[in-house]
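# Structure at a glance
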There are 2 protein chains.
Amino acid sequence: MAHDIRIVTEAELRAAIPLDTGAVDVVEGAFAALARGDVVMPPVMSMAMHDRNAEVDVKTAYIPGFDGFAIKVSPGFFDNPSLGLPSLNGLMILFSAKTGLVDTVFLDNGYLTDLRTAAAGAVAARHLAPPDVTTAGVLGTGVQARLQMRAAHLVRPFERVLVWGRDARRAAACAEDLAATIGIEAEICTDPETLVARSQLVVTTTPATDPILRADWLHPELHVTAMGSDQEGKQELEAACLPRADLYVADRASQTEVMGELRAARAAGLMPEQPAELGEIVTGARPGRQSARDITIADLTGTGAQDTAIATHVAQRLGDAGTRIRT
Amino acid sequence: MAHDIRIVTEAELRAAIPLDTGAVDVVEGAFAALARGDVVMPPVMSMAMHDRNAEVDVKTAYIPGFDGFAIKVSPGFFDNPSLGLPSLNGLMILFSAKTGLVDTVFLDNGYLTDLRTAAAGAVAARHLAPPDVTTAGVLGTGVQARLQMRAAHLVRPFERVLVWGRDARRAAACAEDLAATIGIEAEICTDPETLVARSQLVVTTTPATDPILRADWLHPELHVTAMGSDQEGKQELEAACLPRADLYVADRASQTEVMGELRAARAAGLMPEQPAELGEIVTGARPGRQSARDITIADLTGTGAQDTAIATHVAQRLGDAGTRIRT
């Protein structure tokens, strides 16, 4: 039986799909479903190609009640920059959850991953940040530094954003972008300690393997989202940050203890108990922030459930975008 | 950096890509690479959606020396027939093995799987069947019954094909198709024992869960390829067939002992040793058939290496077929 499959490019996605509260809401729904336990999410399929200095990861998840499920393929070819190509590419495929037929192929080069990752940051900020955030800060100056601040501003409309990065020029460019896209005051901080001291909401977005945020810097009325660590060797927060917080929340505990901030804390003998997961805070199964003065930490490593949520959401919003192929 | 991605439909593939010795040769190369041990092939990713009576499997493999690697997604939605849709669908994506960029999306609905599965049968027949095959027989009447006989005829140009199936009408239709496509005499057999007795090459292509080919029926100068069993519950050959043969060959021993004919044999306490793999016969690392009178068995469950091989092969043969999308 013939049916149409839609092919959508990165440029078409960028034109049609903004980072908005709709994206945040649908990713929040994915976390809630994860917490209810009715999501099927196999372990990540990973294939290393050592002679190519490359790796490819495949993620998927089925969320009952969603119209579709996504399969995401993320190749990382780390010699690509010498060819003038980005290291990370990939695509996402949305299948009908009713028939298994291919619905949409998103040739997105990771754009939907960027969106759903930023949306998860907003979900964390919505449920964990202090009610009044006037200043937000970001450690890191890349794509996620920009997107995390834009996403957080949707749920906590702060007046000022602070940017710190190892490279002052990149930090300036990031601050300039944020001032323009959010339309607020943006400042560079030359040291991360000052940035944390002045902020009520901090997001870490670096590939750090040595911690860049110290436990001593944590102060009342602060929420920190650490989203840079997604592999075993990475760590942005000093391990002592986690027990020092009033509340530590994982996106998926079974992942954060392997590739998130929880890994180093566990290795240091800290945080022996089963942490709360973000979805449990969303559904109310476990308590979130108790007072404005609490210190909270969210540890985000990325889940296939977010991919299924964003792909389903985007497919419904695309209008006439893309190329239809009759099969 | 913009590049073009090609989207190819099942109809375009069927028009452009025949089952020929080129396909057999490239799949043979994949088995040889598997035997040399330089293929990276992660375990199958499998996601069950019980409330949908559905499952999706993802396979991949990297074969050094091949220009690309494939990722195959195979959804099985077993209530689809009640909607007038086939149960099995899916697609295959070919990535550059140099850059990880998406090269081609094959919206093939399993056609490339059909091709590479038939090609593996031909590789087995090429290396294991007696030199002179005048009569070949097939148990089963579906797509693979047809393709396996066409593929086997490429490497052993037999004069006559025998067909057995539980449903006489389907067996007649299959025999008629084979007579027309191969251009040889085709007969229906009303019992499988007679079919085996008259054949030098037999392929079993059924979803049987109770064996349909008895050990007593095996006779000198016979090769049997069993390719129907690809899940734990399936079995086409009586377990005693395996030790009775002079040579048993697995496509991948780690798979056939879980989902192929080797599973039942092992469960019956037979075949304790590590069997030869098809690639080892191809490379000469282990001996194949020793005399025309030998009885040989090949047990094929399907590998991601075959998917990478067929996808790479097909991409090189497509000419102008497909739709190019600029990304």
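Structure's up top.
In this text, all values refer to a predicted model and were calculated from it rather than measured experimentally. (Residues numbered from 1 in each chain as written. Chains lettered and ligands numbered in written order. Predicted model: local features only at pLDDT ≥ 70, side-chain atom pairs only at ≥ 80, totals over all residues. Heavy atoms only, no water.)

Residue and element names in this part refer to chain A. With respect to topology, eight strands assemble into an open sheet ordered S9-S8-S7-S10-S11-S14-S12-S13, the strand pairing being parallel. Because the sheet does not close on itself, it has two edges, and the strands there are strand S9 (185–188) and strand S13 (276–277). Across the face of the sheet, helix H4 (residues 143–155) comes into contact with strand S7 (135–139), strand S8 (160–164) and strand S10 (201–204) while running at roughly 160° to S7. (Pairing = 2+ DSSP bridges. Helix = DSSP H or I, 4+ residues; strand = E, 2+ residues; numbered from the N terminus. Contact = heavy atoms within 4.5 Å. Axes fitted to C-alpha atoms, helices over the stretch in contact; angles between N-to-C directions.)

All right, on to the sheet that holds strand S7 (residues 135–139) of chain B then. Residue and element names in this part refer to chain B. Spatially, the eight strands line up as an open sheet ordered S9-S8-S7-S10-S11-S14-S12-S13, and their pairing is parallel. Looking at which strands have only one partner, the edges of the open sheet turn out to be strand S9 (185–188) and strand S13 (276–277). Pairing between strand S10 (residues 201–204) and strand S11 (residues 222–226): four bridges, direction parallel. By the bridge assignment, leucine 201 is partnered in S11 with histidine 223. With respect to the sheet, helix H4 (residues 143–155) is in contact with S7, strand S8 (160–164) and S10, its orientation differing from that of S7 by roughly 160°.

All right, on to the relation of the copies chain B and chain A then. In screw terms, the move from chain B to chain A is a rotation of 180° and a rise of 0.0 Å along the axis, fitting with an RMSD of 0.0 Å. The transformation relating the two chain copies, once decomposed into turn and shift, fits a two-fold axis. Of every C-alpha in chain B, the one belonging to B:Met45 sits nearest the axis of rotation, 3.2 Å from it. (Least-squares fit on C-alpha atoms with pLDDT ≥ 70 in both.)

Attention now moves to the interface of chain B and chain A. Listed by partner, the interface residues are 49 residues for chain B and 49 residues for chain A. Across the chain B to chain A interface the summed buried area is about 4000 Å²; carbon plus sulfur atoms make up 77%. If you sort the residues of chain B by the area they bury against chain A, B:Met45, B:Met47 and B:Tyr62 come out on top, with a joint share of 16%. Viewed at the interface, chain A and chain B are joined by zero salt bridges. Inspection of the chain B/chain A interface yields eight residue pairs in polar contact (both at pLDDT 80 or more). Its residues assigned to classes, the side of chain B that touches chain A comprises 33 nonpolar, eleven polar and five charged. (Buried area = accessible area lost by both parts, 1.4 Å probe. Salt bridge = Lys/Arg side-chain N within 4 Å of Asp/Glu carboxyl O. Polar contact = N/O pair within 3.5 Å; in protein donor to acceptor, adjacent residues only side chain to side chain. Nonpolar A, V, L, I, M, F, W, Y, C, P; charged D, E, K, R; others polar.)

Moving on, we get to the nonpolar core. Formed by 70 residues in total, the largest nonpolar core has its most connected members in B:Leu13, B:Phe106, B:Leu112, B:Met149 and B:Phe158. Sorting elements by how many residues they give to this core places helix H3 (residues 111–128) of chain B first, with eleven residues. Residues contacting B:Phe158, with those up to four places away along its chain left out, are B:Val133, B:Thr134, B:Thr135, B:Ala136, B:Met149, B:Ala152, B:His153, B:Ile184 and B:Leu201. A:Leu19, A:Ala136, A:Val155 and A:Ala315 belong to the second-largest nonpolar core, a separate cluster that totals 69 residues. (Core = buried A, V, L, I, M, F, W, Y, C linked by side-chain atoms within 4.5 Å. Buried < 20%, exposed > 50% of the residue type's maximum accessible area, 1.4 Å probe, protein only.)

Let's shift gears to the packing of aromatic side chains. Under the criterion given, the structure shown has four aromatic pairs over all chains. Between A:Phe69 and B:Phe77 the ring centres are 6.3 Å apart and the planes differ by 5°, which places this aromatic pair in the stacked class. Of the two residues, A:Phe69 is situated in strand S4 (residues 68–77) and B:Phe77 in strand S4 (residues 68–77); the pairing between them involves two chains. The same class applies to A:Phe69 as to B:Phe77, namely buried. A ring pair is formed by B:Phe69 and B:Phe95, whose centres lie 5.2 Å apart and whose planes are at 10°; its orientation type is stacked. Taken as a pair, B:Phe69 in strand S4 and B:Phe95 in strand S5 (residues 91–96) lie far apart in primary sequence, 26 residues in all. Owing to a relative accessible area of 0%, B:Phe95 belongs among the buried residues under this scheme. Of the aromatic side chains, those joined through ring pairs into one cluster are A:Phe69, A:Phe95 and B:Phe77. (Phe/Tyr/Trp six-rings, centres within 6.5 Å; stacked < 30°, edge-to-face > 60°.)

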